[in-house]
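Descriptive structure summary
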Amino acid sequence: MIRQFEPTLRALEIRYPKFGSAYRIGGRLVLTAAHLLAEVGSTCRVRTSLSFDEVEAKVVWKASQSDIALIELPEIIAPCAAVVFGRLPESIMGETLEFDMYGYPRWGWTQSEEGATVGGRHVKGTIYLSDTSPDDLLVLEALRVPSEALSESESDWKGNSGAAIVCHGLVIAVQRQHQNPKRPASLEASPLWTIYSDKLWCSLLTQHDINPEPAIVRVQKQTKEQSTKAFNPPQKPPYKLVGRTDFLRSLKAELFSGNSIALKGLPGVGKTALLLELAYEPDVQRYFNGGVLWAKLGRDADAMAILLEWITALGISQPNRNELAGITTREKTIEILKQRIQERINVDNNPFLLVIDDAWESETALALKLGSTNCTYIITTRSSLIALDFAGKSVKEINELSEDSSLELLRQISGRIVETYQEKAKLLAKAVGYLPLALILMGRYLQKESDSRSPNRIEKALKNLQKTEMRLRLEQPQVSPGTNPSLRAGTPLSLLAVIEISYEALDDEAKVAFCALSIFPPKPNSFSEEAALAVSLTPDVSLYKLYDSGLLESDESGRYRLHQTISDYSREKLIDQSVYERMAVFYAEHVESNKRNYDLIDQEYINIVASLEAANQKKMHFISIRQMKAFYPFLEARGLYEKAENILNEIKEQFGNLDQECNLTQILLNLGRVRHRLGKYSRSKEDLQRAIDLSEKCNDSETIIYSKLNLGVLEEIQGDDGEAERLYKEALILAKLNGNDEAVSIVCRTIGSLLLNSKKYLEAKGYFDDGLVSAEKNRDEQVICGILINLGWVSAISGNVEDAKEYYRKSITIVRKLKHYDFATYVRQGMGEIAKRKGDYKQAEYHYKKGLALANRIGFHERKIILLQNLSSVLTIQQKYLQADKCLREALLIASNIEHYELVDHIIKDIARLLNAQDDYQRMED
């Protein structure tokens, strides 16, 4: 059967209030003639002998000017798949279309003793596009007609009113009542074009998951009097193209300007679907009124066979034996065929569009270029080189869909599942990288699984689609060989099949590189050529081949990307597991070499995390430790505390059963540091104390210094300033003994902070100054920035506002360069203090709120508490007592949860001061 035309399943009898035919068009919606029904909202009775007995249905819409109506079947009736509506092309003298109609004409009734039995009749015939009845109805010429008329006044087609008229699988009209007694034997229909602009019609169709937008019906044949308009594209797919409106508009503008175009894109990105939409566009057909010639190439394309197809489409004769006599080469035969086509195109002198789909060789594609100025070309290919060879600079890349367009495509195919399971649908769309072919295959699978309306079955289908292997192997029959010319006839369409074609075309070295690159996370992530070569151990030409084949993408900076579906396929092909070790080693060296260049680490962040995960999974413990030592400061600076804790903890767990404790010292130190920032003080102290114990055993003085330093900070937080000072000074002595300028500067800064909190501003500044000298000697911008922030704070609270502003100006420059979110919270606090001391409370409030938002973003609990206190103080000054109280209550809750006893004590005192400011002595006592 032709597309979506299932008369025995779709045709219905209307039994009441009048007898006639109807046609199920999708969901439970039925198309019929308006004169058979009462007003909208009334009921009628319908039946079909194949699926249900006579039932009551509701009239939901009637056209105002046409004999067309819609009725809705009850919920008990299983929904059917949607049909596609069609619009007739502009009529030209002599053009005809073949139609199919299935109804219940009276002449098909069978009389018996029990009465008349209605029998369905499938009628075929021809529509003459240039002919209409006086009242603008379509005039149909049936191949099967009544043997004798029933009466002079009644229509021979009585009972058939309401049947759908179908051309090439597209529903185009409804057979109507014959009100003109002068034409009782005629067969006429109301065309659907009269109601496409009716908003209620479109709304009802959309509610039943039917696309109201019609496709253009292709003219099937023409009379000899009419010059043939060549048009041989394959059949359009039965779904609406989404997300390409602007792209199509730009393509048409270029083609109408006479520019030929090459489209390149990934397997499954919708290149052919886009060309079909373009070819069937009415304005494209009007502009290229000579015709549209389509070439289906694919891997085994034959230029001569394509030219012979074009000759047939143009209705011209092939060269005879005399013309080919003496020709011994295929190339010469091709030239003669091209000359014959060119002569015909030049005689017509009308514009032609030549579509060359799925080119795999430049030679074959270029062989289809004709010499006529009447021809404009558009070609699709996976290869950048072929696109460049054919169209020069006029190469356009087709990208994946947006999330919204992806969900729209899924919705169009699978129906209401997308609304019911919207979040799961979003995850599935993302899992296939918003690739149209993958979305179509998933949509069809969900559509089939939802037919039973079983929630369990749908849930199971959604769960199955979470599996990469399932998504790759989803299949559907090819609509027609032309829509996927690279697949052999009979090969089901699947992601696996369309990607496999490109993979099999690679040489062995390129295949090795392709599989190796699968361990890089897919786009939007990217990776450098240096990383790709280090991981794959193949020459750079292999990467270029992958790019030229369309399997590997590249951006303007020269970095590479793999689409999600391509990555899924290549990972299935990966055998060599040593690629993981090469990736881990490469990125360990990369981070070590660029540990202070946060912009470079930012660029490779996703790859570095992936390499660490790979190293942990493959138990490459020493590489993990080496890499994390250099990577941790970046994670801390960016406020990625939870990510840092997870990676560090995983490395520690991997070492749990190994007698390699000395390698754990740095891991334990960093775990202690990050858990401090996460407010996990007890666990932080355990990690730091263990780091000290192991470091002393292993003579790791550097780790001892930093572990004591961080342990001292925790003691200070929990109110033991004496113990904190002891630990700081031990760390400082050890740092100076080892000549570790970096450690000296950091410890000086920390001791200065302790003295600052004790209001010993002069001593604090002395330590900060000493620390700054060591940091500048070491050229450590991160440490320099931290000390400048502290010096700014000393100056601010000492009343030296201009000095404070200068310190903060310098620190802000470094913060912005490093994108150090951790330090940025301190800067905001300091800027707020300066504004507060100047009496600019609005500005102070602004800085505190900005700092608070940043501290919330990175999860720095301690900084959140302090900023909430600062914000409360400036709100109190402005007599915004309720807001100030809310800030302190939130700060108290956080401080209590993380057991920061020193801050708890400060906050309680602040609350008391706030209540005192409001003269609320009773609450102050409480």
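Structural data are supplied above this passage.
Residues numbered from 1 in each chain as written. Predicted model: local features only at pLDDT ≥ 70, side-chain atom pairs only at ≥ 80, totals over all residues. Heavy atoms only, no water.

Within the chain, the secondary structure is distributed over 39 helices and 25 strands. When the 926 residues of the chain are sorted by exposure, 54% land in the buried category. Contacts in the chain between residues far apart in sequence, at least 24 positions, make up 66% of those at least 6 positions apart. A total of about 41,600 Å² of accessible surface is found on the chain, and carbon and sulfur atoms cover 48% of it. (Helix = DSSP H or I, 4+ residues; strand = E, 2+ residues; numbered from the N terminus. Buried < 20%, exposed > 50% of the residue type's maximum accessible area, 1.4 Å probe, protein only. Contact = heavy atoms within 4.5 Å. Areas by Shrake-Rupley, 256 points an atom, 1.4 Å probe, with all protein chains shown as cover.)

With respect to the helices and strands, the residue serine 567 is situated in helix H21 (residues 564-573). Note on serine 567: relative accessible area 4%, which makes it buried. With residues up to four places along the chain from it excluded, the contact list for serine 567 reads Ser518, Phe520, Pro522 and Leu562.

Structurally, the position occupied by valine 242 is in the loop between strand E18 (230-231) and helix H3 (245-256). Residues valine 242 and leucine 407, 165 residues apart in the sequence, show an inter-C-alpha distance of 9.8 Å. Excluding residues within four positions of it along the chain, valine 242 makes contact with Leu401, Ser405, Glu408, Leu409 and Gln412.

This brings us to the pairing of strand E22 (residues 375-381). A regular strand places its side chains so that they alternate between the two faces of the sheet. Of all seven residues making up E22, seven are buried, and the element is well covered by its neighbours. Here E22 shows two buried faces, one formed by Cys375, Tyr377, Ile379 and Thr381 and the other by Thr376, Ile378 and Thr380. Direction of pairing for strand E19 (residues 261-264) relative to E22: parallel, over a ladder of four bridges. Looking across to E22, one finds that lysine 264 is bridged to threonine 381. Here strand E21 (residues 352-359) pairs with E22 via six bridges, running parallel. Bridging across to E22, leucine 353 finds its partner in threonine 376. Taking the sense of rotation as the criterion, the β-α-β connection linking E21, helix H9 (residues 362-367) and E22 turns out right-handed. (Pairing = 2+ DSSP bridges. Right-handed = clockwise from strand over helix to strand, strands pointing away.)

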